[in-house]
2 protein chains.
Amino acid sequence: MTKKEVTIYDIARNLGISTSTVSRGLQNDPVVNKNTRKKIVDAAKELGYRYNNFASSLRKQQSNTIGLIVHELNSNFITSVLAGIEKVTTAAGYDLIIAHSSESYTKEAANTLNLFHKRVDGLIASLAFDTNDLSHFQPYFDKGIPVIFFDRVEENSNHTSVVIDNYKCGYQVTQHLIEQGCKRIVHITANLKRNVYGQRYRGYKDALFDNGIPLDKKLLLVNDLSEKASKEAALQILSIKPLPDAVFVTNDFAAAVCIQILKEHGVSIPGDIAVAGFNNDAICKIVEPQLTTVDYPGIDMGEIAARSLVNHLKGLNNLKQTNTIIVRSELIIRASSLRKTH
Amino acid sequence: MTKKEVTIYDIARNLGISTSTVSRGLQNDPVVNKNTRKKIVDAAKELGYRYNNFASSLRKQQSNTIGLIVHELNSNFITSVLAGIEKVTTAAGYDLIIAHSSESYTKEAANTLNLFHKRVDGLIASLAFDTNDLSHFQPYFDKGIPVIFFDRVEENSNHTSVVIDNYKCGYQVTQHLIEQGCKRIVHITANLKRNVYGQRYRGYKDALFDNGIPLDKKLLLVNDLSEKASKEAALQILSIKPLPDAVFVTNDFAAAVCIQILKEHGVSIPGDIAVAGFNNDAICKIVEPQLTTVDYPGIDMGEIAARSLVNHLKGLNNLKQTNTIIVRSELIIRASSLRKTH
DNA sequence: CATGGCATTACAATCGGTTGCGTAAAAATC
DNA sequence: GATTTTTACGCAACCGATTGTAATGCCATG
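Residues numbered from 1 in each chain as written. Chains lettered and ligands numbered in written order. Predicted model: local features only at pLDDT ≥ 70, side-chain atom pairs only at ≥ 80, totals over all residues. Heavy atoms only, no water.

### Considering the protein's contact with DNA strand D
- Among the 30 residues in the neighbourhood of DNA strand D, the closest are listed as I8, Y51 and R59 of chain A together with T21 and T36 of chain B.
- Take the atoms of DNA strand D that sit within 4 Å of the protein: sugar and phosphate atoms are 58% of them.
- Here a phosphate oxygen of DNA strand D and a side-chain polar atom of Q27 of chain A are 3.5 Å apart.
- Y51 of chain A places a side-chain nitrogen or oxygen 2.6 Å from a phosphate oxygen of DNA strand D.
- Ranked by residues supplied to the surface near DNA strand D, first place goes to helix α4 (residues 53–60) of chain A with 5 residues.
- A per-class count over the surface near DNA strand D returns 10 nonpolar, 13 polar and 7 charged. (Near = heavy atom within 4 Å. Polar contact = N/O pair within 3.5 Å; in protein donor to acceptor, adjacent residues only side chain to side chain. Helix = DSSP H or I, 4+ residues; strand = E, 2+ residues; numbered from the N terminus. Nonpolar A, V, L, I, M, F, W, Y, C, P; charged D, E, K, R; others polar.)

In structure tokens, the structure reads:
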């Protein structure tokens, strides 16, 4: 069976010194003599000592852990964010606990509570599709545990958030499609209550308006951007008379599925219908024609969010002063939307 | 600032009972009276009590947490595994800490150690590309902490592992390509020391042998299956004279990139070169032609691995009795390899 | 030789649940 | 009504590291 754990008491007894000295020695506290420190470290190694995070966290009243709640893990974007966050938190000596909600509010709330009980020192979160309020974060707010939202945030909340300018991106994509001569632009997106989709839609709407193109509600398709939904959306597009001349999808994978179905039905891309996606996933360069999209700097968002949190935890800045941080983003034009050669 | 934490002592004082009763009451121990239990739970809610995992874990000497080490997070396969694992661990009341190595042995070792210090009750792991030995898991073995490997495992080790029959899959794919009339089959794969690639290669080799096709070392391309490497591999294929008539890539994304480059150079798929991938990622149905591949039951592997671990932890079975669990897998034939119509 | 200063180390309380064991009271048994 | 059994709860010792404060020893200074 499991052997007895080695503790600082064992080290202390072994060396004939006190546990406080051992504790300080292991923390490299300069107050303990260099030689003693070395002896402690050596003894620890030799005895097979392992640090007990529980005892430490219990006593110190902090976990040295940051919680991360994401809506999904399966996109390039989110793994980039993860990389950015990890880079910063690891460097700052924090551990990271990742929880994902699979786009479900229920799971998100459960994870939020769980991480609260795990006593994370801070939280970074991207909300699920159907999250409508932030009441499940209330315990954090009450206890003064910092929470930073990124990408999928709640609008009109005065919590710190790191986002891109979704409105501008939506506007840019639409403007680009219009400049390619498109006038009947379908917009396939998800729950408009979620900021990223709502804002992009507003950009789309305003771009149409500014170009004197009437908004046609029939061209707005809201679904969950899954493979199945995307296929159905593509079929629906085919049934619209006259055929639309562009599709702006707020997700690259969904756009790829659309392109596929449209092509299967003899529609030429971008000749008949120009298509644009969102996120700049790896898939963009695989589909034919290659997909116009918006590049979304995941790694930067992750780094910025994590750095803000870490700085706050170390007392270097105060989150209450910064509300929204907007990260640059960029329209990337590829063949799927190019109808005019300049 | 952070208000003082509410503890079971506060609840006890409030109700004029002892902490032991409170503790038992909160655990729903039937030994405490129903009414008292209700009073405790109510008081806890009212006072804003939150359970302290650290105190509990410290005392109980267990974390109720399972560690998961994966090589990456960005594939469909791995997120399926994750879903399977989560389903089981959540149901069994365990928390999950996910760590990913980004295919780096160094990070894998660091994560392994970190989870060890976090005192996970058990570990589920899929190894990185370049992991050659299991010495970083030694602390677990020494302490008797169960470790289950899945997918990317170390061969010839007598640790419990959950895998598919990679040899058979490699054989099947190759056999299928041969049956389509291919004779010069390129094999693009990664580090052959890693079981999944080594076994598939052996299947490839044996299928060739059994069909009387000589093994041509020039047709074996080993790289890291990244986008860049796949492009280079495709260009390399184009330079082989005479042109090969099939490519078996051990990763769908890499296969997709290859197809793209080959097509750009006027190669017809599958007419000139038949292509097969591995994993049955969503991308398979996006590329043109749709990609022949091997379906890999991620969710099952996750469930099986997690269930074995959980059962072991609960004392329901003993891992030392089960060594290797093989999960079913299936060749999925699509247009990218179909040269003959039956 | 006494005293002050500095460098080291020890003492002991503390963090918040958990649990074996003991006991009191209530219920059941004869 | 006495005794046994049940039910319900309390006592107190843990788990292992941290840290404010006190104490020790040493050297230097006057």
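### What about the nonpolar core?
- The biggest cluster of nonpolar side chains holds 152 residues, and the ones touching the most others in it are I188 of chain A together with I188 of chain B.
- Residues in contact with I188 of chain A, not counting those within four places in the same chain, are L221, N223, L225, A233, I237, V247, F248, V249, T250 and C258 of chain A. (Core = buried A, V, L, I, M, F, W, Y, C linked by side-chain atoms within 4.5 Å. Buried < 20%, exposed > 50% of the residue type's maximum accessible area, 1.4 Å probe, protein only. Contact = heavy atoms within 4.5 Å.)

### A word on the side chain of S101 of chain A
All names here are of chain A.
- Position of S101 relative to the elements: it lies in the loop between β2 (95–100) and α6 (105–117).
- On the basis of relative accessibility, which here comes to 0%, the residue S101 falls in the buried class.
- Ignoring anything within four residues of it in the chain, the contact list for S101 reads V70, H71, K107, E108, N111 and A128.

### Notes on the interface of chain B and chain A
- In this complex, chain B contributes 45 residues to the contact, which on the side of chain A involves 46 residues.
- Carbon and sulfur atoms make up 52% of the area that chain B and chain A hide from each other, which totals about 4500 Å².
- When the buried surface of chain B facing chain A is broken down by residue, R50, F54 and R119 of chain B rank first, second and third, together holding 19% of it.
- Along the contact surface separating chain B from chain A lie 12 salt bridges.
- Salt-bridge contacts for D95 of chain B lead to K118 of chain A; the nearest nitrogen and oxygen are separated by 2.4 Å. (Buried area = accessible area lost by both parts, 1.4 Å probe. Salt bridge = Lys/Arg side-chain N within 4 Å of Asp/Glu carboxyl O.)

### Some thoughts on the pattern of salt bridges
- Scanning all chains against the criterion turns up 38 salt bridges over all chains.
- In this structure, R13 of chain B engages D10 of chain B in a salt bridge whose closest nitrogen and oxygen atoms are separated by 3.0 Å. You can see R13 of chain B and its partner D10 of chain B sitting in helix α1 (residues 8–15), 3 residues apart, about one turn around the helix.
- Sharing partners across several salt bridges, the network here consists of E5 and R50 of chain A together with R119 and K143 of chain B.

### Observations concerning the domain arrangement of chain A
Residue and element names in this part refer to chain A.
- Split into domains, chain A comes out as domain 1 (8–51), domain 2 (63–163 + 298–329) and domain 3 (166–295).
- Summarising the inter-unit geometry, the C-alpha centres of domain 2 and domain 3 are found 29 Å apart.
- Every contact between the two is made by 16 residues of domain 2 and, on the other side, 16 residues of domain 3.
- Summing both sides of the interface, domain 2 and domain 3 together bury roughly 1200 Å²; the carbon and sulfur share of this comes to 41%.
- For domain 2, the biggest contributors to the area lost against domain 3 are F129, E155 and S329; these three give 48% of the whole.
- Taken together, domain 2 and domain 3 are joined by 2 salt bridges.
- Between E155 and R202 there is a salt bridge, with the nearest N and O atoms lying 3.5 Å from each other.
- Here domain 2 is connected to domain 3 by 8 residue pairs in polar contact (both at pLDDT 80 or more).
- Here the residues of the side of domain 2 that touches domain 3 sort into 6 nonpolar, 5 polar and 5 charged. (Domains from an automatic or database assignment.)

### Focus on the environment of N53 of chain B
- Looking at where N53 of chain B falls in the secondary structure, it is placed in helix α4 (residues 53–60).
- Overall, N53 of chain B belongs to the partly exposed group, its relative accessible area being 22%.
- Between the C-alpha atoms of N53 of chain B and N64 of chain B, which are 11 residues apart in sequence, the distance is 9.4 Å.
- Discounting residues that sit within four places of it in the chain, N53 of chain B has contacts with H117 and K118 of chain A.

### Notes on the protein's contact with DNA strand C
- Of all residues adjacent to DNA strand C, which total 29 residues, the nearest are S18 of chain A together with I8, R24, Y51 and R59 of chain B.
- When atoms of DNA strand C within 4 Å of the protein are split into backbone and base, the sugar-phosphate part holds 56%.
- Note that a base oxygen of DNA strand C is positioned 2.9 Å from one of the side-chain N or O atoms of R59 of chain A.
- With respect to DNA strand C, the side chain of Q27 of chain B contributes an N or O atom lying 3.4 Å from a phosphate oxygen.
- Listing elements by their share of the surface near DNA strand C, those giving two or more residues are α2 (19–26) and α4 of chain A together with α1, α2 (19–26) and α4 of chain B.
- Broken down by element, the surface near DNA strand C gets its largest block of residues, 4 residues, from α4 of chain B.
- A per-class count over the surface near DNA strand C returns 9 nonpolar, 13 polar and 7 charged.

### A closer look at the packing of aromatic side chains
- The tally for this structure, following the rule as stated, stands at 20 aromatic pairs over all chains.
- A centroid spacing of 5.8 Å and a plane angle of 55 degrees characterise the contact between F129 of chain B and Y197 of chain B, whose relative ring orientation is tilted. Of this pair, F129 of chain B sits in the loop between β3 (122–125) and α7 (138–143) while Y197 of chain B sits in helix α9 (residues 195–210), and the two are 68 residues apart along the sequence. As far as the burial class goes, F129 of chain B and Y197 of chain B line up, both buried.
- Taken together through their ring pairs, the aromatic side chains of F116, F137, Y140, F141 and F149 of chain A make up a single cluster.
- One residue, R50 of chain B, lies across the ring of F116 of chain A, its end atom 4.1 Å from the ring centre. (Phe/Tyr/Trp six-rings, centres within 6.5 Å; stacked < 30°, edge-to-face > 60°. Lys NZ or Arg CZ within 6 Å of the ring centre and 35° of its normal.)

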